[in-house]
Amino acid sequence: MNENVFDFIVVGGGIVGASTAYKLRKKYPKSKILILDKESQFASHQTGRNSGVIHSGLYYKPGSIKAKTCVLGYHQLVEFCNKQNIKFDICGKIVVAKNDNDLVQLNSIALRGAENGLSNIRFLQKSEVKKIEPYVDVKAALYVPQTGIVNYLEVSERLISLAIAERGSFRLNSEVIDLNRAGGVGVIRLKDNTCFHSEKIIFCVGLQSDRIAKIDGINEKIRIVPFRGDYYKLKNESRFKVRNLIYPVPDPKFPFLGVHFTRMIDGCVECGPNAVFSFSREGYNKTAFNYKDFYNSLSFKGTWKLFKENFTYGLKEYDLAFSKKKYLIELQKIIPSLELSDLIPGRSGIRAQALDAEGRLLDDFLIRKGEIGTHVMNAPSPAATASLAIADEILRQL
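Residues numbered from 1 in each chain as written. Predicted model: local features only at pLDDT ≥ 70, side-chain atom pairs only at ≥ 80, totals over all residues. Heavy atoms only, no water.

Caption draft 1: Main features of the packing of helix α9 (residues 311–322) against helix α10 (residues 324–332). α10 packs onto α9 with a crossing angle of 110 degrees between their chain directions and a minimal axis gap of 5 Å. One element, α9, and the other, α10, form an angle in the roughly perpendicular class. Here the hand of the crossing between α9 and α10 comes out left-handed. For the pair formed by α9 and α10, the contact residues are Lys316, Asp319, Leu320 and Phe322 on the first element and Lys324, Lys326, Tyr327 and Glu330 on the second. (Axes fitted to C-alpha atoms, helices over the stretch in contact; angles between N-to-C directions. Helix = DSSP H or I, 4+ residues; strand = E, 2+ residues; numbered from the N terminus. Parallel < 35°, antiparallel > 145°, perpendicular 65-115°, else oblique. Left-handed = near helix turned anticlockwise from the far one by under 90°. Contact = heavy atoms within 4.5 Å.)

Structure representation (structure tokens):
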């Protein structure tokens, strides 16, 4: 049995799990650590399907876990990439005001950013915007120098390799189906009936977090409701229209940042994402359907309250999902010279968003202790940026 007994087990090989295992290795260098993931490779879902933005902490409620960990995580991530020679670029971003209502909101965003500790944020007039992004045509913008880009898959792989050095190991294709306790020690049972034992188990399982937490006796009365985001890319000949990162002013009612432009670390430019309710937690095409996921979402009263209160917003997002022309119109509000021929289909990602019974989307990160382990129950964007600081919070709770 000894070979299946570990000091720490981390379930989930995305960037939050990878960061947690790495921080455990740093704090307990002689510990025996196991990382499990149900997929055939690490970071298959949220981590491996985002644009790689290093967020600054601009939007988040001051004093929240999200605000604190994003700012702390930003500095830790930059330091880690520097030490590990991982390519990144702190290129800055602009948040653009397309109309007078946006201008009012832009002021609030700037104040919130300052409260969260960001420095050198400045307002740009239309002519100043043109100097930074020549093809953008808007009323004004906010320049945020701290924002950057990186490949989070590369970061995750490096974190895992450092975490399993010496007394660590990892196992892929390892889906957890049951948890229990034997002799005071937590026991994880996998789909193939293999069991692993540890007193300290951390679950960073994103899209499946509510299900695993329920097995562990946590009744938070929340449900993970998946939102798919569809991207387009600018064809190579059109990339010159975007130099770095261009964001609209987000709708304050939602945790989504709106359709935006991202120059990625490999030079590609992504446009998006929208945000539509998904009928499958891990189905990345537009018609993907999983009955279990569908039933889980629609049997939860919070989902119906969310739909009822945001019906118009939801329809608009579905329009963007199925109409390239309408997607273009949204993008042209920022860069009017874009044409249909500039856009080529990109990838999709799914956001693991926790929803409560009143139909409210949980805005902050959520970490809870179960009977067997510690669970990261809500960690959508900017969790990748914040991951090393989220790991610190997990270790503190351990």
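Having seen the structure, we can now continue with the description.
Caption draft 2: View of a nonpolar patch on the surface. A contiguous nonpolar surface patch, about 470 Å² in accessible area, is contributed by Phe279, Phe289, Tyr291 and Tyr295. Its location among the elements puts Phe289 in the loop between β18 (276–277) and α7 (291–298). (Patch = residues over 30% accessible without salt bridge, like charges linked within 9 Å, V, L, I, M, F, W, Y side chains within 5 Å. Areas by Shrake-Rupley, 256 points an atom, 1.4 Å probe, with all protein chains shown as cover. Salt bridge = Lys/Arg side-chain N within 4 Å of Asp/Glu carboxyl O.)

Caption draft 3: Spatial organisation of the sheet that holds strand β21 (residues 374–378). Read from one edge to the other, the open sheet built from 6 strands follows the order β9-β2-β1-β13-β21-β20, with strand pairing classed as mixed. Strands at the two margins of the open sheet, each flanked by one partner only, are β9 (168–171) and β20 (366–369). Looking at each pair of strands side by side, their axes are set apart by 15 degrees on average, direction ignored. Summarising the sheet, β20 and β21 pair through 4 bridges and their orientation is antiparallel. (Pairing = 2+ DSSP bridges.)

Caption draft 4: Representation of the pairing of strand β1 (residues 8–11). Here β1 shows no split at all, with Phe8 and Val10 on one side and Ile9 and Val11 on the other all buried. Where β1 and strand β2 (residues 33–36) come together, 4 bridges link them in parallel fashion. Its bridge partner being in β2, Ile9 is matched across the sheet by Leu34. In this fold, β1 hands off to helix α1 (residues 15–27), which returns the chain to β2; that crossover is right-handed. Bridging between β1 and strand β13 (residues 200–203) involves 4 bridges; their strand directions are parallel. Note on β13: the bridge partner recorded for Val11 is Phe203. (Buried < 20%, exposed > 50% of the residue type's maximum accessible area, 1.4 Å probe, protein only. Right-handed = clockwise from strand over helix to strand, strands pointing away.)

Caption draft 5: Geometry of the pattern of salt bridges. Per the counting criterion, the structure on display carries 25 salt bridges. Of the charged contacts in the structure, one is a salt bridge between Asp192 and Arg171, with a shortest N-O distance of 2.4 Å. Here Asp192, found in the loop between β11 (185–190) and β12 (195–198), pairs with Arg171, found in strand β9; they are 21 residues apart in sequence, far enough to count as distant. We classify Asp192 as partly exposed; its relative accessible area is 46%. Of the charged contacts in the structure, one is a salt bridge between Arg347 and Glu270, with a shortest N-O distance of 2.8 Å. Here Arg347, found in strand β19 (residues 343–356), pairs with Glu270, found in strand β17 (residues 269–272); they are 77 residues apart in sequence, far enough to count as distant. Overall, Arg347 belongs to the partly exposed group, its relative accessible area being 26%. Linked through salt bridges whose partners overlap, the residues forming this network are Asp210, Arg211, Arg281 and Asp293.

Caption draft 6: Region of the structure containing the environment of Arg49. Of note, Arg49 is situated in the loop between β2 and β3 (53–54). Taking relative accessible area as the criterion, Arg49 reaches 25% and is therefore assigned partly exposed. Arg49 sits 52 residues away from Asn101 along the chain, and the two C-alpha atoms are 32 Å apart.

Caption draft 7: Representation of helix α11 (residues 383–397) within the structure. For α11, with 15 residues, the first-to-last C-alpha span of 18 Å runs short of the 21 Å given by 1.5 Å per residue. At Ala389, α11 is deflected by roughly 40 degrees, the largest bend along its length. The element α11 is extensively covered by neighbouring structure, given that 12 of its 15 residues are classed as buried. Ala383, Ala384, Thr385, Ala386, Ser387, Leu388, Ala389, Ile390, Ala391, Glu393, Ile394 and Leu395 are the residues of α11 that are buried. (Expected span 1.5 Å × (residues − 1). Bend = angle between axes of the 7 residues up to and from the residue.)

Caption draft 8: Main features of the nonpolar core. Of all hydrophobic cores here, the largest spans 38 residues; its most connected members are Val16, Val155, Leu159, Ile390 and Ile394. Broken down by secondary-structure element, the contributors of at least two residues to this core are β1, α1, β2, α2 (65–84), α5 (152–163) and α11. If you tally residues by element for this core, the top one is α11, at 7 residues. Those residues in contact with Ile394 that sit more than four places away from it in its chain are Val16, Thr20, Ile202, Cys204, Ile367 and Val376. Core analysis: the second largest hydrophobic core is formed by 24 residues, Ile94, Val259, Tyr327 and Ile335 among them. (Core = buried A, V, L, I, M, F, W, Y, C linked by side-chain atoms within 4.5 Å.)

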